[in-house]
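What follows is the residue order along each chain.
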Amino acid sequence: MAEKNTLGESLRRHGVSRRGFLKFCTATASLMALPPTMVPAIAEALEKAKRPSVIWLSFQECTGCTESLTRSHSPSVESLIFDHISLDYHHTLQAAAGEAAEAAREAAMHENKGKYILVVDGSIPLGDPGYSTIAGISNLEMLKETAKDAAAIVAVGTCAAFGGLPQANPNPTGAVSVSDIIKDKPIINVSGCPPIPTVITGVLAHFLTFGSIPDLDQYNRPKVFYGQSIHDRCYRRPFYDKGKFAETFDDEGAKAGWCLYKLGCKGPMTYNACATAKWNQGTSWPVESGHGCLGCSEPRFWDAGGFYNALSVPISDNSQTVAFAAAAGLALGAAAAGLNYKNKDEATKAHGTVTIDDLEKSS
Amino acid sequence: MSVFDNKSSESPSSCGLAGMSHNTLPLLNEVSHALKRLVRTGESTIIDLRAIPFGPGDEARLINLLGKGEVQATLDTLGKTTVTETRFAGVWLVDHYNSEDERIAFQIEIIDIPELLRAQTEDMYESLDLLGEVVEVEKQKLNGGSPAIQ
């Protein structure tokens, strides 16, 4: 349960020196993608930060988001932060099950009324609630009940943020996002399939440190992580500017590390921190390993008409993206753009006619 | 000749990826401007290298170009931290690791001495008390009193 001790007191009790605390603050600033000049402010805020209660609800999801988070969970800054939040309910991770687990959720809600953070991964089925229930409670009912007294909601992963894979055509469950249902609470969307672990912990660290939510973009994603497109931060960008593109995955251009735009990279319309935060303890990220960005942190990325079709039309309703993508299409030539419009049209038509019966017949 | 013509780097960037390092030169320029600011106004700068979109080999190339200076220090708190002065005085590489030896922050500090190396004021006050106790115990030993073993 949430404690009255501040994080500063707690760290000192664990024998962390002042130099250690300074290091912790430096790493926290880096984790939150804040400039190093913020370290003194972070140190001051962490000295006063209380241990918040966190309730984590998993709905229609694949547990990839939890995997992403826990795989990064070796003793690190992230784990130090997790030592200082009180994860009171997470039905995948907690030892309790059944009625005891639900009792823990209710107790945390009651004791921390109005103060706890609600984390949600997975979409919510509205078409038929029977597709996903927990302890006999529908996802919709549990979300509404738990959101009621939350201080803020963090929608982790593209499913919770935008509907994600469950919402892909033909959306058999009638899947919707958290923000489609909850309208009266601050919601932070941490999209990605899965999201970058340090982005998940960075957002929680921000709330823990400052007791407030970070600046958000038009999709309610934290600007510090989602403020720039993959394309703008990509180390292969200069090749795009010079018109040097890989045409296949094994041609000379691919071997020389040229731009993957023509191979379907969705970097120009995707906003995420992969190019700087990277994956697997900073080892690499999709473009660095030779594959285009799938655009997994954007709404409706699954129904964009093919991961390997060059981008010429936007898959999100971001007006800036429309302008950018159109310009990019022009740069590549009208013929290529026309071809892609045709592909997109075909994909849209094809998706419109797919039913569960069709899928069963073809399998 | 540009810095990209430097073939002495043993970094992975030289493995068939020539021309891919585009972030080293702008970063070196940023360091140069920061050092100028430090010299002229005393204002220090910290650059978070985890916020820079490095391509393969960029980081190794940068470290290679900055080289090693006279001072190297290691701190052991919440995991290891190495502080290395580069061959450019006032330009430091500060590399933070956790107890699992995973990097948690990596910065270039342009400053006379990184803050982390300074003794912290609160620690010095505590040390003053501690030193007083040690002096007291040693005095008692000299006066033939029983040694006060804590």
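Here is what the cut-offs are and how they apply
Residues numbered from 1 in each chain as written. Chains lettered and ligands numbered in written order. Predicted model: local features only at pLDDT ≥ 70, side-chain atom pairs only at ≥ 80, totals over all residues. Helix = DSSP H or I, 4+ residues; strand = E, 2+ residues; numbered from the N terminus. Buried ≥ 20, exposed ≤ 12 C-beta atoms within 10 Å, placed from the backbone. Contact = placed C-beta atoms within 7 Å. Pairing = 2+ DSSP bridges. Nonpolar A, V, L, I, M, F, W, Y, C, P; charged D, E, K, R; others polar. Domains from an automatic or database assignment. Axes fitted to C-alpha atoms, helices over the stretch in contact; angles between N-to-C directions. UniProt positions renumbered as here; feature names shortened; annotations may be inferred. pLDDT = per-residue confidence, 0-100. Core = buried A, V, L, I, M, F, W, Y, C linked by C-beta atoms within 7 Å. Expected span 1.5 Å × (residues − 1).

## Brief notes about the overall build of chain A
When its secondary structure is counted, chain A shows 19 helices and nine strands. With 363 residues in all, chain A has 48% of them scored as buried. Sequence separation of 24 or more characterises 72% of the internal contacts of chain A that already satisfy a separation of 6 or more.

## With respect to the overall build of chain B
Within chain B one finds three helices and five strands. For chain B, buried positions account for 27% of its 150 residues. Within chain B, residue pairs in contact and separated by at least 24 positions form 50% of the contacts whose partners lie at least 6 positions apart.

## Some points on the pairing of strand S5 (residues 103-110) of chain B
All names here are of chain B. Of all the eight residues making up S5, seven are buried; the element is thus mostly covered by neighbouring parts of the structure. Relative to S5, strand S1 (residues 45-48) is paired through four bridges, and the arrangement is antiparallel. Considered in S5, the bridge of Ile46 is made with Glu109. Across seven bridges, strand S4 (residues 91-97) lies against S5 in antiparallel orientation. Looking at the pairing, His96 lines up with Ala105 of S5. Hairpin geometry of S4 and S5 is characterised by an intervening segment of five residues between the two adjacent antiparallel strands and by a positive phi of about 65° at Asp101.

## Quick look at the interface of chain A and chain B
Taken together, the contact between chain A and chain B spans 27 residues of the former and 31 residues of the latter. Secondary structure elements with two or more residues in the side of chain A that touches chain B: helix H2 (18-31) and helix H16 (274-277) of chain A. Here the side of chain A that touches chain B takes nine residues from H2 of chain A, the largest share from any one element. Along the lines of polarity and charge, the residues of the side of chain A that touches chain B split into twelve nonpolar, ten polar and five charged.

## Section: the domain arrangement of chain A
All names here are of chain A. Domain boundaries in chain A define domain 1 (50-225) and domain 2 (229-353). Facing the 13 residues of domain 1 at the interface are 13 residues of domain 2. Put simply, the parts of the chain that give the side of domain 1 that touches domain 2 at least two residues each are helix H8 (157-162) and helix H11 (197-210). Grouping the constituent residues of the side of domain 1 that touches domain 2 by class yields seven nonpolar, five polar and one charged.

## Digging into the sheet that holds strand S2 (residues 72-76) of chain B
The strand order across the open sheet built from five strands is S1-S5-S4-S3-S2 (chain B), with neighbouring strands paired in antiparallel fashion. Both outer strands of the open sheet, S1 and S2 of chain B, are each paired with one neighbouring strand and no more. Taken over all neighbouring pairs, the strand axes of this sheet differ in orientation by 20° on average, direction set aside. Contacts from H2 of chain A reach S1, S2, strand S3 (80-85), S4 and S5 of chain B, with the element oriented near 95° to S5 of chain B. Along the sheet, helix H1 (residues 24-41) of chain B contacts S1, S4 and S5 of chain B; its crossing angle with S5 of chain B, the most-contacted strand, is approximately 55°.

## Some details on the environment of Asp232 of chain A
Along the chain, the position of Asp232 of chain A falls in helix H13 (residues 230-233). Distance in space between the C-alpha atoms of Asp232 of chain A and Pro268 of chain A is 7.3 Å, their sequence separation being 36 residues.

## Structural notes on the UniProt feature "binding site: [4Fe-4S] cluster 2" (unreviewed entry) in chain A
All names here are of chain A. As recorded in UniProt, the sites labelled "binding site: [4Fe-4S] cluster 2" (unreviewed entry) are His231, Cys234, Cys259 and Cys265. In terms of the greatest pairwise C-alpha distance, the residues named above, spread along 35 residues, form a tight cluster of at most 11.3 Å across. Turning to its location among the elements, Cys234 is positioned in the loop between H13 and helix H14 (237-241). By C-beta crowding, Cys234 is classed as buried, having 25 other C-beta atoms within 10 Å.

## A few points about the confidence of the model for chain B
A low pLDDT means the predicted coordinates there should not be read in detail. Residue and element names in this part refer to chain B. Of all residues in chain B, 81% attain a pLDDT of 70 or more, and the chain-wide mean is 83. When mean pLDDT is compared element by element in chain B, S3 scores highest at 96, while helix H2 (residues 58-66) scores lowest at 91. Low pLDDT (under 50) marks residues 1-18, which in the prediction has 29 contacts with non-local residues, meaning those over four places away or in another chain. Of the two predicted TM-score estimates for the complex, the pTM is 0.78 and the ipTM is 0.77.

## Digging into the nonpolar core
Residues and elements named next belong to chain A. Of all hydrophobic cores here, the largest spans 113 residues; its most connected members are Leu118, Val120, Ile153, Val154 and Ala155. Among the elements that line this core, the one with the most residues is H11, at seven residues. Those residues in contact with Ala155 that sit more than four places away from it in its chain are Val120, Ala160, Ala161, Ser177, Val178, Ser179, Ile187, Ile188, Asn189 and Val190.

## What about the environment of Ile52 of chain B?
Locating Ile52 of chain B in the fold gives a position in the loop between S1 and H2. Between the C-alpha atom of Ile52 of chain B and that of Asn23 of chain B, which follows or precedes it by 29 residues, the distance is 7.9 Å. Excluding its chain neighbours within four sequence positions, the residues that come into contact with Ile52 of chain B are Thr276 of chain A together with Asn23 and Leu27 of chain B.

## Regarding H2 of chain A
Residue and element names in this part refer to chain A. Counted at 1.5 Å a residue, the expected span for H2 with its 14 residues is 20 Å, and the 19 Å between its end C-alpha atoms agrees. Burial analysis of H2 places twelve of its 14 residues in the buried class, the great majority of the element. Considered for burial, the residues of H2 that qualify are Arg19, Gly20, Phe21, Lys23, Phe24, Cys25, Thr26, Ala27, Thr28, Ala29, Ser30 and Leu31. Ala33 sits one or two residues past H2 and shows a positive phi near 60°.

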